[in-house]
Amino acid sequence: DEKKFSDKINIASTSGSSRISHSKEAIKASFLDSLFYGIGRVPALATPNDRYTALALTIRDRIFQQFILTTESISKQDARAVAYLSAEYLPGPHLANNLLNLEITAQTREAMEELGIELDDLIAIEEEPGLGNGGLGRLASCYLDSLATLGIPAIAYGIRYEFGIFDQVIKDGWQVELTDKWLHYGNPWEVVRPEIAYEVKFGGRTEHGADSNGKFQVTWVPGSEVKGTAYDTPILGYKGNGAVLRLWRAEAIESFDFAAFNLGDYYRAVEAKMLSENITKVLYPNDQAQGGKELRLKQQYFFVTCSLQDIIRLHLIQGRNLERLHEKFAIQLNDTHPAIAIAELMRLLVDVHQLDWAKAWHITQNCFAYTNHTLLPEALEKWSIPLFEKVLPRHLEIIYEINHRFLEEIRHQHSYNNAQIAGMSIIDESGERYIRMAHLATIGSHSVNGVSAMHSELLKKEVLHDFAGLWPDKFCNVTNGITPRRFLYLSNTPLAELISSYIGNGWITDLDQLRKLEPYADDVSFQNSWMEIKLNNKQHLAALLQKQTGIEIDPAMLFDIQAKRIHEYKRQHLKVLHILSVYLRLKKGELINFSPSAFIFAGKAAPGYIMAKLLIKLINSVADLVNQDTEVNDKMKVVFMPDFNVKNAQNLYPAADLSEQISMAGMEASGTGNMKFSLNGALTIGTLDGANVEIRQEVGEDNFFLFGLSVEQVQANKTAGYQPYDIYQQNQHLREVLDFIVSGALSQGDTQLFRPLYENLLYQDPFMLLADYQSYIDCQEQVHELWREPKEWARKSILNVARMGKFSSDRSIRDYSDLIWKVTPINKK
Ligand code: GL7
């Protein structure tokens, strides 16, 4: 009898069991238990992966120990909880991070040593879950880390893609995509919950009529159904609390196609099962562009309905009233990918749970808040009505109803005119009809935020201008942040330890304490230790790059790094123009004072983004030329690090001297790599874009290399009719650099290969590289001037770190908690 069982167990005393203590001996014993009884292996036959798995299970036990204590406190305190809905997560490798959060790295290392195993070897073989494309997915994981660390009740929902983001290899200078293999050898961190599963309907039609009691009722008669099953990964915060990452996997429902089965059509019955599982097969690898693909819509709806059904179950299980759902749950929409949740919650409340529309709408608006992550037009999700209707016929009706009521309101209560109404409608009727997901998210939420001060302003000025006029109080800003646990303590442990030895370790959970480093910025012995650690990190990266690419770089060089998705707006080609300008000047015997530099790139291109892939080829072609040219290659090297992911990123940030944040102003919503570099002591060269603006404010103008047009100047330039060709003609040096790209020198005489890029810059240049070129080149000269003053450089590097407190994801999560969610941490006894 369940009741008796739970009465008999005292969680606090049970979970304190000596078998899962944190001592070296206990870890050793659990490791062997896991190896023998968890996976049935004898040491002689255990492969490296078996050893890794046994250790992961050992650590997982200890995570669950913390985790059930958190869960127990949450349910006792009946605290308001956050449900974070995101189509992407990039957690990074779990093992080392979990050891750090449990504070058991040292004893685990010793325990393994005594068994003849190198802990670092096990850490190295972990395949990370690449369940996201870039910044947006990694942000969700940083937020989950902070939610757990702060002890805010939270559950993060997403999709368990069988194939995450592709692995990138470089062949002949080109990007080649290989399928991701994160589940290849199993995943010891997750627990499948076969009983937490929900049915998901697609297609079919709706029936409107009275039910048996005469009440008006809409019934959705689906064309197909699948089941979503929960896979839970416990996410441990620093020192204790836990949150859960609950990912849904699509499976066939048992009764899939009995008709076919009974007819003896075994093949068709199994085929249905295969098709069901397709939904969570693969992550769409596009960063900031949506293709309007039916499967993508299905993925979105699939994970949204599973998550909402789960939230409602969790709410009702404790005997609560559904009408108070919004008092219990704050649901955050990470971009518009989960925005269909607005219509789905209305459907669940009205059609399934029989609430009246007004009540349901009140609950919905008070549950949801929406974060916008981009202004790029191609990234603003819209679904064509015929496609949408085919997949979600009932939701289309609900959206029409939401829209109708909204438009009535603005027409009659606010006297908007027809043009304004058409502009604000959820339905875009300017041509082929589309559903604008950002409008649905804005109308159905009580809060809308951007991800940096500048982005939030532009959001109100441009994309959601009329909504900001209508509901000024709905809009706010929450500047992005990063977790200092993974991105300083874990990935740059020597620097973290140096910092702690001077100012204590309070900074790990209170990043503002880094300010205490300021007095040491001028301290020569501190500077020396600081730069020595940087040099060690650079040696480590150089060794890794040599292994990955065969290219040798001297760790004494200035490490100038641009690591992020490859995108024209991020302007990797501006960096290339700079490199070529250095190259050509060195060849002419100019730039005698140039400090030897290693130019390092990393980043994936969307497989269908031709220009971005050509950019990768260009970078590698420049690398080939430069690295083999003995006239210059003691002064400069160019390397493209393949397969940028969390694991590789953790080796890049600690080794950077210079961080490249050079997008055209107004394009990068925030950026978070900019924060990771700076937190590891790199100086930034950047434009006034996204969070760069705030980073510069915090670290001080003197400690930031600023160049380029401001947003206002970009806009003025556009209005005036920007003519890149004029700049090309006027700037002789720039002309030489650009012409060099199509000279054939980079492409075995082929003058056509890079022509598309060249012509795009000369005649369109949508991201104004040419306008910013000279300013960038001049700014790089300042960088080199400073590099020749190592003490000054060290001082600025220290000040950068000391002033990064604001960019902790703990601060971001506190902002969300206070401004939007109205949640508070649980008290843990
Ligand atoms: C992004 C933004 O481009 C990036 O600037 C931001 O830091 C990140 C997290 O807020 O979100 N928006 C987006 O669609 N992707 C991003 O990385 C893919």
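Residues numbered from 1 in each chain as written. Predicted model: local features only at pLDDT ≥ 70, side-chain atom pairs only at ≥ 80, totals over all residues.

**Q** Teacher, can you tell me more about the domain arrangement of the protein here?
**A** Domain annotation of the protein identifies domain 1 (1-77 + 103-127), domain 2 (78-93 + 128-479 + 816-821) and domain 3 (484-807). Taken over C-alpha atoms, the centre of domain 1 sits 41 Å from the centre of domain 3. (Domains from an automatic or database assignment.)

**Q** Help me understand the sheet that holds strand β14 (residues 434-436), please; the structure alone is not making it clear to me.
**A** Paired through their backbone hydrogen bonds, the strands of a sheet run either parallel or antiparallel. Spatially, the three strands line up as an open sheet ordered β12-β14-β13, and their pairing is antiparallel. Each edge of the open sheet is held by one strand with a lone partner, namely β12 (382-384) and β13 (427-428). Across the face of the sheet, helix α18 (residues 437-444) comes into contact with β12 and β14 while running at roughly 45° to β14. (Pairing = 2+ DSSP bridges. Helix = DSSP H or I, 4+ residues; strand = E, 2+ residues; numbered from the N terminus. Contact = placed C-beta atoms within 7 Å. Axes fitted to C-alpha atoms, helices over the stretch in contact; angles between N-to-C directions.)

**Q** Would you mind showing me how to read the UniProt feature "modified residue: N6-(pyridoxal phosphate)lysine" (unreviewed entry) in the protein here?
**A** UniProt records the feature "modified residue: N6-(pyridoxal phosphate)lysine" (unreviewed entry) for K676 in the present numbering. Tracing the chain through its elements places K676 in helix α27 (residues 673-679). With near-sequence residues (within four places) excluded, K676 lies in contact with I482, F487 and Y653. (UniProt positions renumbered as here; feature names shortened; annotations may be inferred.)

**Q** What is the right way to read the environment of S621 from this model?
**A** Within the secondary structure layout, S621 lies in helix α25 (residues 610-628). By C-beta crowding, S621 is classed as buried, having 21 other C-beta atoms within 10 Å. The spacing of S621 and F704 is 83 residues in sequence and 30 Å in space, taken between C-alpha atoms. Contact partners of S621, with chain neighbours within four places excluded, come to G173, L746 and S747. (Buried ≥ 20, exposed ≤ 12 C-beta atoms within 10 Å, placed from the backbone.)

**Q** What is the right way to look at the sheet that holds strand β2 (residues 154-159) in this model?
**A** Across the sheet, which stays open at both edges, the nine strands sit in the order β5-β8-β9-β2-β1-β10-β11-β15-β16 with mixed pairing between neighbours. A single partner strand is all that each edge strand has here, and the edge strands are β5 (191-202) and β16 (475-477). Each adjacent strand pair in this sheet contributes to an overall mean axis angle of 25°, direction not counted. The pairing of β2 with strand β9 (residues 242-251) spans five bridges and is parallel. The residue of β9 that forms the bridge with A156 is L245.

**Q** Just to check I follow, could you spell out the nonpolar core for this structure?
**A** The nonpolar side chains of a soluble globular protein tend to be buried with one another. In terms of nonpolar packing, the biggest core is built from 233 residues, with V82, A83, L147, A341 and V622 touching the most fellow members. Residues within four places of L147 in sequence aside, it is in contact with V82, I152, A154, A243 and I813. (Core = buried A, V, L, I, M, F, W, Y, C linked by C-beta atoms within 7 Å.)

**Q** What is the right way to look at the pairing of β9 in this model?
**A** Remark: a regular strand shows side chains that alternate across the two faces of the sheet. Across the ten residues that make up β9, a large majority, nine, are buried. Inspection of the sheet shows strand β8 (residues 224-236) paired to β9 by ten bridges, in the antiparallel sense. Its bridge partner being in β9, I235 is matched across the sheet by A243. Here β8 hands over to β9 after five residues, with K239 in that stretch at a positive phi of 55°.

**Q** What's the story with the site of the ligand in this structure? I'm lost.
**A** Every one of the 18 residues lining the ligand counts as a neighbour, but G135, L136, H373, A669 and S670 are closest to it. Here the shell around the ligand is composed, by residue class, of five nonpolar, eleven polar and two charged. (Near = placed C-beta within 6 Å. Nonpolar A, V, L, I, M, F, W, Y, C, P; charged D, E, K, R; others polar.)

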